[in-house]
Amino acid sequence: MDFDLTEEQRLLKDSIDGLLTDSYDFESRKKYMKEKGGWSQAVWGKLAEQGLLGLPFAEPDGGFGGGGVETMIVMEALGKALVLEPYLPTVVIGGGFLRHAGTDAQKAAHVPGIVDGSKTLAFAQLEKNSRYDLFDVATTAKKKGDGWVIDGEKFVVLNGENADTLIVTARTKGNRRDTTGIGVFLVPASAKGVTKKSYPTQDGLHAADITFTGVEVDGSAAIGNPDDSLALIERVVDEARVALCAEAVGLMDESLKTTVEYIKTRKQFGVAIGSFQSLQHRASDMFVAAEQARSMSMFATMASDFTDAKERSNAIAAAKVQIGKSLKFVGQQAIQLHGGIGMTMEAKIGHYFKRLTMIENTFGDTDYHQRRVADAGGLV
Amino acid sequence: MDLAFTREEQAFREEVRSFFRDNVPPDTRRKLVEGRHLSKDEMVTWWRILNKKGWGTSHWPTQYGGTGWTSVQHYIFNEELQSYPAPQPLAFGVSMVGPVIYTFGNEEQKKKYLPRIANVDDWWCQGFSEPGSGSDLASLKTKAERKGDKWIINGQKTWTTLAQHADMIFCLCRTDASAKKQMGISFIVFPMKSKGVTVRPIQTIDGGVEVNEVFFDDVEVPYENLIGEENKGWDYAKFLLGNERTGIARVGVSKERLRRIRDLASKVESGGKPIIQDAAFREKLAACEIELKALELTQLRVVADEGKHGKGKPNPASSVLKIKGSEIQQTTTELLMEVIGPFAAPYDVHGDDGSNEAMDWTAQIAPSYFNNRKVSIYGGSNEIQRNIIAKAVLGL
């Protein structure tokens, strides 16, 4: 049992923290947000230069063979700096599908572009009525010759505007809520019949609603078994949840730090408001919530390697519950302790709060995952 | 980063578990499971079994009879002990006064007291809190005056846990009234049988008698019963309170209770079916289990950190343990109340010896709920813990 980072992991942490300290202050972030697709190609290039975009890929595929802990380190750092770039959809999710189920040809076609920063991906999964159920898929992929024809609508696709390749879940067989008959397809964003409506999200990222109308892809587009890929989707989304937990820990750390600094300097009644016990206790409770979240983020990271899929999913669901509870408390109290200034776009704290809030509503909220744990027979 | 225990650690867990299985008197275990009070004899019998095995004072330095275990082994031992469940060693002797004596006492005191603490030949109690000194402990007034080769002690202590069983007390006494409040306190030990010591039991809201008031009326104590230096008692008290950082979360206790709740909830009916099938209840139970898992991980982080970097600098996460640990213990007793529903009402009148065996175990659930309100009050209330985090961790 060991919770320390190895020497290499510590170096990784230092290098990404250093990069983001140099290039990701709050003012720069505002500029990046105005670039095409809502993030900075230059920063993305720097992440590629440091090898961060190739981190989880195996060495023969051109990556660096990093594991869950390495991704945790990166996501925590990205959270701390409130980074806009599409690491989650491209490296964690897109990369996840390719790593776990991609053929050699698929990997050769997509991994080098991810690693060198020239290509980004997006995960087109959410549908009008699917909410958090990954098996709830109405989009269809019908066999045509060797290939497939995809029809359907996907919503809130992060990085949908910029992505070169879309990873689309679609049903090859059965009815909307069947757990079998679901496939995963690589679709070029430029394919005929793909139309996008792009917009910014509440937390300053960018997403798109994407319609697929008779989109034709060839037989090599399917990742994994086109008739039975729910287990694959669950595995990759579990990894995305773990990554979000780590990002949230970074966001909470920075929110707490910023808030404590603020109440140490803000004066009322002639003294720093941090000298008042009611505020001290609130800040202490924020610390407790953030530490409990950190513990569960570590737990989830280690659980992603569990061989039993049910055990893995249960542990990660539990982590998402703890993160959800903690982030709501830390986020809301950070605003409260900042007072009026916390309500403004000018102050950085509100932006942390908004990103935290969106994490709660991504890939299952607290209630959703709590129900999953309860129905799975608990956690003791 | 790795969650797994080593093969040796797993073997150790098995060894500990099978020792408990073979050696904890079944009736003692049953009473703990049912939330009943144990008699003095039952507790002492078990502690002597543990001491004979060499595990009674496991965390003491080896030269005083400790085991030399790693932090992880201590963690495993405690978890197994709490979740078996078996009575934990008498904290006042083994975890509190013992370490003060072997760290600050002289050779004679070590020789005289330590073996008797280990074998519970002396039952120790703690004379810290006073009616006017709870969270503000340093304001204590009990006075020890030097008179030749004796101390004359006058004053009153309160919340003295199980003082009715005690042979010895360790006491914080004011020895210099002119000094700043923390500076004039000394750490003095003496027999409870001394002339002038009176114990008055306090009945708590659960109906039990765990705590007492202790009065000192011109109690004469030999000067040599001072531990360490005169007027340094506050330092020793801080050392003592900081000594048991990870046991305080009582993860094993809550684990055992949650297993019991799950078991009961599949038997007790609500709406014509077991209450575990009620979605709202099941989610509440899952919520508590998740909180406990987070706490267990937080505790493991602290344990792993101590193992690697020593106990010198406490991991900031350790302050989380008391707050969350007590909240979760309280939640588990609330859940038990919910499972048992209307059958929480019958009250088991305590016998003269403090036992409560007259009624069905269901009668112990409400008392356990009432009794557990104490866990967020004792050992530095949760509000004091928040003060500590604000000052020591956040720098407020």
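This write-up is about the structure you can find in this document. (Residues numbered from 1 in each chain as written. Chains lettered and ligands numbered in written order. Predicted model: local features only at pLDDT ≥ 70, side-chain atom pairs only at ≥ 80, totals over all residues.)

1. With respect to the overall build of chain B
Stage number 1. Counting secondary structure elements, chain B contains 12 helices and 10 strands.
Stage number 2. Taken over C-alpha atoms, the radius of gyration comes to 22 Å for chain B, in line with the 21 Å a tight globule of 396 residues would show.
Stage number 3. Judged by the C-alpha coordinates and their principal axes, chain B covers about 75 × 50 × 50 Å.
Stage number 4. Residues classed as buried in chain B amount to 44% of the 396 residues present.
Stage number 5. Pairs at least 24 apart in sequence give 71% of the contacts found in chain B among residues at least 6 apart. (Helix = DSSP H or I, 4+ residues; strand = E, 2+ residues; numbered from the N terminus. Rg over C-alpha atoms; globule rule 2.2 N^0.38 Å. Buried ≥ 20, exposed ≤ 12 C-beta atoms within 10 Å, placed from the backbone. Contact = placed C-beta atoms within 7 Å.)

2. Side note on the interface of chain A and chain B
Stage number 1. Taken residue by residue, the interface counts 32 residues in chain A and 36 residues in chain B.
Stage number 2. Among the elements of the structure, helix H7 (230-265), helix H8 (277-303), helix H9 (309-338) and helix H11 (366-375) of chain A are those that each provide at least two residues to the side of chain A that touches chain B.
Stage number 3. Here the side of chain A that touches chain B gets 13 residues from one element, more than from any other, and that element is H8 of chain A.
Stage number 4. Residue composition of the side of chain A that touches chain B, grouped by class: 18 nonpolar, 9 polar and 5 charged. (Nonpolar A, V, L, I, M, F, W, Y, C, P; charged D, E, K, R; others polar.)

3. Focus on the packing of helix H8 (residues 251-265) of chain B against helix H9 (residues 279-309) of chain B
Residue and element names in this part refer to chain B.
Stage number 1. Taken N-terminus to C-terminus, the directions of H8 and H9 make an angle of 160°; their axes are 11 Å apart at the nearest point. On the basis of the axis angle, H8 is roughly antiparallel to H9. In the packing of H8 onto H9, the handedness of the crossing is left-handed. In this structure, H8 uses Val 251, Ser 254, Lys 255, Leu 258, Ile 261, Arg 262 and Ala 265 to contact H9, whose residues at the interface are Phe 281, Leu 285, Cys 288, Glu 289, Leu 292, Leu 295, Glu 296 and Gln 299.
Stage number 2. In terms of residue class, the contact of H8 with H9 is built from 9 nonpolar, 2 polar and 4 charged. (Axes fitted to C-alpha atoms, helices over the stretch in contact; angles between N-to-C directions. Parallel < 35°, antiparallel > 145°, perpendicular 65-115°, else oblique. Left-handed = near helix turned anticlockwise from the far one by under 90°.)

4. Structural notes on the pairing of strand S1 (residues 124-127) of chain B
All names here are of chain B.
Stage number 1. Where burial is concerned, the two faces of S1 agree: the one with Trp 124 and Gln 126 and the one with Cys 125 and Gly 127 are both buried.
Stage number 2. When S1 meets strand S4 (residues 168-174), the two strands line up parallel, connected through 4 bridges. Opposite Cys 125, over in S4, you have Ile 169 as the bridge partner. (Pairing = 2+ DSSP bridges.)

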